[in-house]
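Fold and contact review
Residues per chain, in single letters:
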Amino acid sequence: MLTQTTTRVLEPSDLDAALAILDREPVANAFVSARVQIAGLDPWRLGGEMWGWYEDGMLRSLCYAGANLVPISATPAAVRGFADRARRSGRRCSSIVGPAGPTAQLWRLLEPSWGPAREVRAHQPLMVADRMPEDIEPDPYVRRVRKNEMETIMPACVAMFTEEVGVSPLAGDGGLLYQARVAELVGSGRAFARIDDGKVVFKAEIGAATPQVCQIQGVWVAPEYRGRGLSVSGMAAVLRYALADIAPVASLYVNDFNKPARASYLRVGFEEVGEFMSVLF
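Residues numbered from 1 in each chain as written. Predicted model: local features only at pLDDT ≥ 70, side-chain atom pairs only at ≥ 80, totals over all residues. Heavy atoms only, no water.

The name given to the protein chain in an unreviewed UniProt entry is GCN5 family acetyltransferase, and the organism recorded there is Streptomyces wadayamensis.

Spelled out as structure tokens, the structure:
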């Protein structure tokens, strides 16, 4: 019997079915799950469309299509369907990011029409921690960033983003969107830093958060302070806040070529549980 397959844009009435798929892999899907749990599936509130892949009338896979294109629980057939839809609608995203296997397949199918990419990061270990390390003292000077410290924290955030992504977040709109995102994290108590004499020495944020898992991002040590172990004690401090206040599991993903960062995360007790891939435009 021929399997009937189709892709379509999900509607608010599809929310429960979409959440059931997102819940299959709470760590890998944290970024999209967090958005959907807050905004539902209305594209205006969600900041993008959620595409669904159906086989014989059953929703099997998802793809978030917003500032990022993110395949979710995507089978090879679903990836082909999502690639067809993406090709027809044209590239509106600044990156493709997700579990390495489906993301690599999606990029293979889209590269002829969407390429070349500015950068492809094919191996980004996905790491998790659910307990504090016993042998590391969290940095007592790492704390929540206060709302009146935006001017102090912003240069560090811009430096981290530019170093990590290769372009400044101030390009295009002068940084309005990026500044609003940082302010949102500061306002919700999810931005952390060690600030010595008005200078940010270490910082990190908790970006996505669901009841099951939260995702640490934006980890940065001021260049002149690197090599002193500040990222280890700093990450231990952020992990303590994350597990105590936000979710029972903390996750992050890191570039495989960033050996110092991977070593410090392993030292704090993070374990590799999978692999992401990012295609940057």
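**A closer look at the UniProt feature "domain: N-acetyltransferase" (unreviewed entry) in the protein chain**
The condition that has to hold: UniProt positions are given in the numbering used here, feature names are shortened, and annotations may be inferred rather than shown by experiment. Per the convention used, a helix needs a DSSP run of H or I reaching at least four residues, while a strand needs a run of E reaching at least two, with both numbered from the N terminus.
Per the UniProt annotation, the sites labelled "domain: N-acetyltransferase" (unreviewed entry) are residues 143–281. Across residues 143–281, helical content stands at 39% and strand content at 29%; the span's end C-alpha atoms are separated by 34 Å.

**Description of unusual backbone geometry**
It is generally the case that most residues other than glycine have a negative phi and that most peptide bonds are trans. Formally: Note on exposure labels: buried denotes an accessible area under 20% of the residue type's maximum, exposed denotes more than 50%, and partly exposed covers the range between, all computed with a 1.4 Å probe on protein chains only.
Residue P116 is bonded to the preceding G115 through a cis peptide linkage, with omega at -5°. Mapped onto the secondary structure, P116 falls in the loop between α5 (100–114) and β6 (119–129). Notably, D56 is not glycine yet its phi reads approximately 50°, a positive angle. As for its placement among the helices and strands, D56 is situated in the loop between β2 (49–55) and β3 (58–65). Even without being glycine, S73 reaches a positive phi, approximately 45°. Mapping S73 onto the fold places it in the loop between β4 (68–72) and α4 (76–89). Its relative accessible area of 16% is what places S73 among the buried residues.

**Comments concerning the pairing of strand β9 (residues 199–209)**
Which entries qualify depends on this criterion: Following DSSP output, two strands are said to pair if at least two bridges run between them.
A large share of β9 lies buried, amounting to nine of its 11 residues. Bridge count for strand β8 (residues 191–196) against β9 is six bridges, and the pairing is antiparallel. Paired with R194 across the strands is F202, a residue of β9. The turn joining β8 and β9, which pair antiparallel and follow one another in sequence, is formed by two residues; a positive phi near 50° is taken by D197. Two strands pair when backbone bridges link them, and β9 and strand β10 (residues 214–221) are joined in this way by five bridges, in the antiparallel orientation. Each bridged residue has a counterpart across the sheet, and for E205 the counterpart in β10 is Q217. Where β9 hands over to β10, the hairpin turn is made up of four residues, counted between the paired strands.

**Topic: the sheet that holds β8**
Stated precisely, the cut-off is as follows: Each axis is a line fitted through C-alpha atoms, and for a helix only the stretch in contact is used; angles between axes span 0 to 180 degrees, taken between their N-to-C directions. Only heavy atoms enter the contact rule, under which two residues are in contact if any of them lie within 4.5 Å.
With mixed pairing, the 12 strands of this open sheet are ordered in space as β1-β2-β3-β4-β5-β12-β6-β11-β10-β9-β8-β7. Every interior strand has two partners, whereas the edge strands, β1 (5–9) and β7 (142–144), have only one. Averaged over all neighbouring strand pairs, the angle between strand axes comes to 25°, with direction disregarded. Strand direction decides the pairing type here: β1 and β2, joined by five bridges, are antiparallel. Within the sheet, the bridge partner assigned to V9 lies in β2 and is W51. Against the sheet, α5 makes contact with β4, β5 (95–99), β6 and β12 (271–280), and its axis sits at roughly 155° relative to β5, the strand it touches most.

**Let's talk about the environment of L19**
By the element assignment, L19 lies in helix α1 (residues 15–22). Along the sequence, L19 and N29 sit 10 residues apart, while their C-alpha atoms lie 10 Å from each other. If we ignore the near neighbours within four places in the chain, the residues touching L19 are V36 and Q37.

**Section: α4**
This is how it is decided: Each helix should span, by expectation, one fewer than its residue count multiplied by 1.5 Å.
Compared with an ideal rise of 1.5 Å per residue, which puts 14 residues at 20 Å, α4 spans 20 Å between its outermost C-alpha atoms and is within 8% of the ideal. Within α4 the residues assigned to the buried category are A78, V79, G81, F82, A83, R85 and A86. G90, located one to two residues past α4, shows a positive phi value of around 85°.

**Considering the nonpolar core**
Going by this rule: For our purposes a nonpolar core is just a set of buried Ala, Val, Leu, Ile, Met, Phe, Trp, Tyr and Cys residues, chained together by side-chain atoms within 4.5 Å.
In this structure, I216, M235, V238, L252, Y265 and F270 are the most contacted members of the largest nonpolar core, which totals 26 residues. Secondary-structure elements contributing two or more residues to this core are β6, β9, β10, α8 (230–245), β11 (250–253) and α9 (259–268). Here this core takes seven residues from α8, the largest share from any one element. Other than its neighbours up to four places away in sequence, L252 contacts P125, L126, M127, Q215, I216, M235, Y265 and F270. Of all hydrophobic cores here, the second largest spans 25 residues; its members include A28, A30, L62 and V213.

**Here's the deal with the packing of helix α6 (residues 150–165) against helix α7 (residues 176–187)**
Helix-helix packing is characterised by the crossing angle of the two axes and by the distance between the axes. What counts is decided by this rule: Small angles under 35 degrees read as roughly parallel and large ones over 145 as roughly antiparallel, with 65 to 115 read as roughly perpendicular and the rest as oblique. Here is the rule for handedness: rotate from the far helix to the near one, and if that takes an anticlockwise turn smaller than a right angle the crossing is left-handed, while a clockwise turn gives right-handed.
At a minimum axis separation of 11 Å, α6 and α7 run at an interaxial angle of 120°. The angle between the axes of α6 and α7 places the two elements in the oblique class. Between α6 and α7 lies a crossing whose hand is right-handed. Taking contact as the criterion, the partners of M150, I153, M154, C157, V158, M160 and F161 in α6 are, on α7, Y178, Q179, V182, A183 and V186.

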